[in-house]
Amino acid sequence: NYVTQGAGSGVIISENGYIVTNAHVITGETSAVADNILVRLTTGEEFTATVIGYDTDADIAIIKIDATGLSAAVCGDSDTLAVGEELVVVGNPLGELGGTVTNGIVSATEREISVNGVKMQLVQTNAAVSPGNSGGGMFNMEGKLVGIINAKSSGTGVEGLGFAIPINDALSVTEQLM
């Protein structure tokens, strides 16, 4: 028996426990949904999550925890993002540094990137994005959610190339999944 585990991030989108993340956070390399999904809030509280739905091509998943009274993210409009606009990324880099915030700017608004063989139009940022940040939020300076982090370019000499699914795209997928 082999046990694999991964870590990622997510954003609470409703006070009753719905969370948006990436499909690749809840599925393994075999594209099978994880047997157990543990959600740890910044308060330290832990919950077992249920998968509501996911779309591997859009790289979006909705999971739910049994909780109420949560603080949900307020969504912005990713269509209004401008190159040079400041933003912050919140996530769980390396799977052990939950609640980490990094800052940067919008480097490009509609960068065509191939993620796992699927072409996507993503928001590019120079904010630090590390493994474990996937599924985390990209927020504008008004504190509004404008993207869901899903990729980074890595390699020798590569820095400051993070990518996010625009929140308008992510929300249209979440509505279909829910």
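To keep things clear, this report deals only with the structure shown in the data block. (Residues numbered from 1 in each chain as written. Predicted model: local features only at pLDDT ≥ 70, side-chain atom pairs only at ≥ 80, totals over all residues. Heavy atoms only, no water.)

Our focus in this paragraph is the overall build of the chain. Scanning the chain from terminus to terminus reveals two helices and 12 strands. In sequence order, the chain lays out its α and β elements as β-β-α-β-β-β-β-β-β-β-β-β-β-α. Here the chain has a C-alpha radius of gyration of 15 Å; the compact-globule value for 178 residues is 16 Å, and the two agree. Along the first, second and third principal axes, the C-alpha set of the chain runs to 40 × 40 × 30 Å. Counting all 178 residues of the chain, 40% fall into the buried class. Intrachain contacts of the chain at a sequence separation of at least 6 include 57% that bridge at least 24 residues. Of the charged side chains in the chain, 6 are positive and 20 negative; the average position of the first set lies 4 Å away from that of the second. (Helix = DSSP H or I, 4+ residues; strand = E, 2+ residues; numbered from the N terminus. Rg over C-alpha atoms; globule rule 2.2 N^0.38 Å. Buried < 20%, exposed > 50% of the residue type's maximum accessible area, 1.4 Å probe, protein only. Contact = heavy atoms within 4.5 Å. Lys, Arg positive; Asp, Glu negative; His and termini not counted. Charge placed at Lys NZ, Arg CZ, Asp CG, Glu CD.)

A separate point is the layout of surface pockets. Considering only enclosed or pocket space, the second largest pocket measures out at about 280 Å³ in volume. Lining the second largest pocket are 13 residues, and of these H24, T27, G28, S31 and N116 lie nearest its centre. Looking at the lining of the second largest pocket, the elements with two or more residues in it are helix 1 (23-26) and strand 9 (118-125). (1 Å grid on protein atoms, 1.4 Å probe; cavity = no way out; pocket = protein on both sides within 12 Å on 5 of 7 lines; lining within 4 Å. Points joined across faces, edges and corners; volume = space filled by probe spheres on them.)

Right, let's get into the pairing of strand 5 (residues 50-55). Alignment of strand 5 against strand 6 (residues 60-64), held across five bridges, turns out to be antiparallel. Its bridge partner lying in strand 6, V51 is registered against I63. (Pairing = 2+ DSSP bridges.)

What follows is about the pattern of salt bridges. Considering all chains together, one arrives at two salt bridges under this definition. Across the pair R40 and E46 runs a salt bridge whose closest N-O atoms are separated by 2.7 Å. Given the relative accessible area of 54%, R40 is considered exposed. (Salt bridge = Lys/Arg side-chain N within 4 Å of Asp/Glu carboxyl O.)

Bringing the sheet that holds strand 10 (residues 137-140) into the picture now. Taken together, the six strands give a closed barrel; going around it, the order is 7-8-9-12-11-10, and neighbouring strands pair in antiparallel fashion. When the angles between neighbouring strand axes are averaged without regard to direction, this sheet yields 50 degrees. Pairing of strand 9 with strand 12 (residues 162-166) involves three bridges; the strand directions are antiparallel. Bridging from a neighbouring strand, T125 pairs with G162 of strand 12. Across the sheet, helix 2 (residues 167-177) is in contact with strand 9, strand 11 (145-152) and strand 12; its angle to strand 12 comes to roughly 50 degrees. (Axes fitted to C-alpha atoms, helices over the stretch in contact; angles between N-to-C directions.)

So yeah, pure geometry; function would need other evidence.
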